[in-house]
Amino acid sequence: MSELWDPWQISEGAFPKPGASSEKLRFLLNYAVLAPSNHNAQPWLFRIMSDGIELYADRTRALPVVDPEDRELTIGCGAALFNLRIAFRNFGYEGVVRSFPDAHKPDLLARISFGDGKVATAEEHGLFESIVKRRTNRMPFRTQPIKESLLSELEAAAAKEGAWFQVVLGDENRNRLADLIAEADRVQMSDGHFRRELAAWIHPSRTASHDGTPGYAIGYGGLASYLGPLVVRTFDMGKGQAAKDRQLATGSPVMAVLSTENDTSADWLSAGQAMMRVLLRARVDDVWASFLNQPIEIPELRTQVRDLLGKKSFPQLILRMGYGQDVKPTPRRTPGEALMRERIR
Ligand SMILES: Cc1cc2nc3c(=O)[nH]c(=O)nc-3n(C[C@H](O)[C@H](O)[C@H](O)COP(=O)(O)O)c2cc1C
């Protein structure tokens with residue numbers, strides 16, 4: 001990460017309270033850009049309007065091999081939207097959202113405007129404070145279980161955003177899910193196109209790049225992080241990855257699937273907001289999460305994940321959760337870099 005720009009150090013006190021609307025809106029974007037996205041591609045663009053912000057899908061940042069329909073791209077944008085909503089609330093604005101406000105502009109995912117003044121609740125402040133504390137934590141977690149009461153709250157958090165958060169219960173189901181994850185790893189890693197796409201987004205740990213995944217975030221320290229992209233591009237490491245992920249899946253206190261009733265762009269945007277509400281709520285209680293979405297990225301295996309849940313739904317994400325040590329945050333583009341430049345037609 002560049003020495004000068006540390007997006008995670010954003011301070012609430014720097015909000016330009018007496019400033020112009022445009023300054024305030026631009027400040028709020030500092031929280032939107034901290035959202036997670038697959039490969040840290042940050043597939044969002046923002047446009048500052050007179051009283052709000054437009055959120056666009058940036059399809060030039062799509063991942064056509066792993067995410068050919070832009071499903072995960074839209075989930076990432078939903079996560080950025082949720083951060084924005086919580087930031088509006090934290091600074092005393094209602095934050096009124098209209099999703100897909102223009103049928104002629106499929107890339108325009110949402111408009112969010114100030115709305116009325118509204119004091120934030122303690123819950124909203126808590127979620128806001130978690131934005132800078134969240135990371136994808138791929139390290140093994142302690143065996144310490146997560147309390148039932150928190151799991152119920154995570155279910156409620158997803159439901160509030162129109163999605164299901166379902167904990168996978170019982171050894172048989174967990175093992176079956178771990179098998180599907182391992183199988184998906186082997187399928188994906190044997191595909192040269194998948195490996196090339198993945199390698200293109202992995203950067204050395206000391207990267208100055210504002211996007212992509214630095215080696216340290218996926219377990220390649222120092223020198224190995226320089227070789228990581230070459231290794232990923234060149235060798236089928238499916239077997240090793242499968243074994244590692246199987247262990248992570250069976251060894252984590254909680255494995256959960258986030259699903260939606262349908263599988264449209266609107267569902268993906270909701271899934272992203274639900275995911276973010278869940279991840280932030282989890283961080284309020286010091287719980288970490290990371291993703292093992294691989295089987296959902298392969299249509300035949302996605303159906304099997306759905307069967308395992310016993311619910312007629314569309315699985316969108318697989319999360320592992322638990323307690324563990326903090327990890328280093330990953331880079332981000334500045335709000336300025338994520339602003340829409342060209343004229344909208
Ligand atoms: C829709 C979506 C899919 C993701 N899929 C994976 C995944 O399959 N494996 C993984 O290790 N991380 C996955 N991630 C996590 C991203 O790699 C991570 O968010 C990104 O590198 C930024 O890092 P951060 O979350 O620590 O800020 C996913 C994130 C999102 C939002």
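Residues numbered from 1 in each chain as written. Predicted model: local features only at pLDDT ≥ 70, side-chain atom pairs only at ≥ 80, totals over all residues. Heavy atoms only, no water.

Asks: Got a minute to help me understand the site of the ligand in this structure?
Replies: As a structural note, the neighbourhood of the ligand is formed by 19 residues, with R134, T136, R138, N293 and R332 the closest of them. A distance of 2.9 Å separates a nitrogen atom of the ligand from a polar side-chain atom of N293. Between T330 and the ligand, the recorded distance is 3.0 Å, taken from a side-chain N or O atom to an oxygen atom. Protein chains shield 92% of the accessible area of the ligand, which is 620 Å² for the free molecule. Among the residues forming the shell around the ligand, the class breakdown is six nonpolar, eight polar and five charged. (Near = heavy atom within 4 Å. Polar contact = N/O pair within 3.5 Å; in protein donor to acceptor, adjacent residues only side chain to side chain. Areas by Shrake-Rupley, 256 points an atom, 1.4 Å probe, with all protein chains shown as cover. Nonpolar A, V, L, I, M, F, W, Y, C, P; charged D, E, K, R; others polar.)

Asks: Please explain the packing of helix α3 (residues 122-131) against helix α9 (residues 265-284) as it appears in this structure.
Replies: A pair of packed helices can be characterised by two numbers: the angle between their axes and the separation between those axes. Packing of α3 against α9 brings their axes to within 8 Å, and their N-to-C directions diverge by 90°. With respect to α9, the axis of α3 lies roughly perpendicular. Across from E123, G126, L127, S130 and I131 in α3, the residues of α9 making contact are R277, L280, R281, R283 and V284. Among the residues making up the contact of α3 with α9, the classes are represented as four nonpolar, two polar and four charged. (Axes fitted to C-alpha atoms, helices over the stretch in contact; angles between N-to-C directions. Helix = DSSP H or I, 4+ residues; strand = E, 2+ residues; numbered from the N terminus. Parallel < 35°, antiparallel > 145°, perpendicular 65-115°, else oblique. Contact = heavy atoms within 4.5 Å.)

Asks: Please clarify how unusual backbone geometry should be interpreted in this entry.
Replies: What you tend to see is this: most non-glycine residues have negative phi, and most peptide bonds are trans. Even without being a glycine, D70 presents a positive backbone phi close to 65°. Residue placement: D70 occurs in the loop between β2 (52-57) and α2 (71-90). The exposure class of D70 is buried, given its relative accessible area of 10%. We note that D286 has phi near 65°; this positive angle belongs to a residue other than glycine. Looking at where D286 falls in the secondary structure, it is placed in the loop between α9 and β9 (288-291). Classification of D286 by relative accessible area gives partly exposed; the value is 47%. (Buried < 20%, exposed > 50% of the residue type's maximum accessible area, 1.4 Å probe, protein only.)

Asks: Looking at this structure, how should I read the nonpolar core?
Replies: Burial of nonpolar side chains together is a common tendency in soluble globular proteins. Core analysis: the largest hydrophobic core is formed by 66 residues, its most contacted members being W44, F46, L84, F88, F165, L258 and M321. Here this core gets 11 residues from one element, more than from any other, and that element is α2. Apart from residues lying up to four places away in sequence, L84 is in contact with L28, L29, A32, F46, I53 and I112. Counting residues in each nonpolar core, the second largest holds 18 residues, with V257, L301, V305 and L309 among its members. (Core = buried A, V, L, I, M, F, W, Y, C linked by side-chain atoms within 4.5 Å.)

Asks: Help me understand the sheet that holds strand β4 (residues 108-113) in this model?
Replies: The pairing of strands in a sheet happens through backbone hydrogen bonds and is either parallel or antiparallel. One open sheet holds the four strands; their spatial order is β1-β2-β4-β3, and the pairing between them is antiparallel. With one partner strand each, in any of the chains shown, β1 (44-48) and β3 (96-99) form the two edges of the open sheet. Within the sheet, the average angular offset between the axes of one strand and its neighbour, ignoring direction, is 20°. As paired strands, β2 and β4 are joined by five bridges and run antiparallel to one another. Considered in β4, the bridge of G52 is made with S113. (Pairing = 2+ DSSP bridges.)

Asks: Explanation requested: the packing of aromatic side chains in the structure shown.
Replies: Given two aromatic rings, their pairing is described by the distance between the two centres and the angle made by the two planes. Counted according to the given criterion, the structure contains nine aromatic pairs. Geometrically, the ring pair formed by F15 and F91 is stacked, given 4.2 Å between the ring centres and 20° between the ring planes. Highlighted residues: F15 in the segment before α1 (21-32) and F91 in the loop between α2 and β3, separated in sequence by 76 residues. One exposure class covers both F15 and F91, and it is buried. Looking at K328, its charged tip hangs above the ring of Y216, at a distance of 4.3 Å from the centre. (Phe/Tyr/Trp six-rings, centres within 6.5 Å; stacked < 30°, edge-to-face > 60°. Lys NZ or Arg CZ within 6 Å of the ring centre and 35° of its normal.)

Asks: Even after reading the chapter, I still don't get the side chain of R89, so can you show me in this structure?
Replies: Examined against the element boundaries, R89 turns out to sit in helix α2. Since its relative accessible area comes to 7%, R89 is described here as buried. A distance of 2.9 Å separates polar atoms of two side chains, one belonging to R89 and the other to E124. The residues touching R89, leaving out its near neighbours within four places in the chain, are E94, K118, V119, A120, T121 and E124.

Asks: I keep staring at the environment of W8 and nothing clicks. Help me out?
Replies: Positionally, W8 belongs in the segment before α1. Judged by its relative accessible area of 7%, W8 is buried. Separated by 179 residues in the primary sequence, W8 and V187 have C-alpha atoms spaced 35 Å apart.

Asks: I tried to follow α9 on my own but got confused; where do I start?
Replies: Each α-helix turn comprises 3.6 residues. Residues three or four places apart therefore point the same way. Taking 1.5 Å as the rise per residue, α9 with 20 residues should run 28 Å; its terminal C-alpha atoms sit 29 Å apart, in good agreement. Taken across its 20 residues, α9 has 16 buried, putting it largely inside the fold. One or two residues past the end of α9 sits D286, with phi positive at roughly 65°. (Expected span 1.5 Å × (residues − 1).)

Asks: Can you help me understand helix α4 (residues 148-160) in this one?
Replies: Over its 13 residues, α4 runs 18 Å from end to end, which matches the ideal 18 Å to within 8%, given 1.5 Å per residue. Taken together, the buried positions of α4 are L150, L151, L154, A157 and A158. Along the axis of α4, the buried positions cluster into a sector of 110°, meaning they face one direction only. The outward face of α4, more than 90 degrees from its buried face, is lined by the exposed residues E148 and K160. Residues of α4 that are buried sit in contact with β5 (164-167), β8 (254-260), α9 and β10 (314-322). (Arc of directions from axis to C-beta.)

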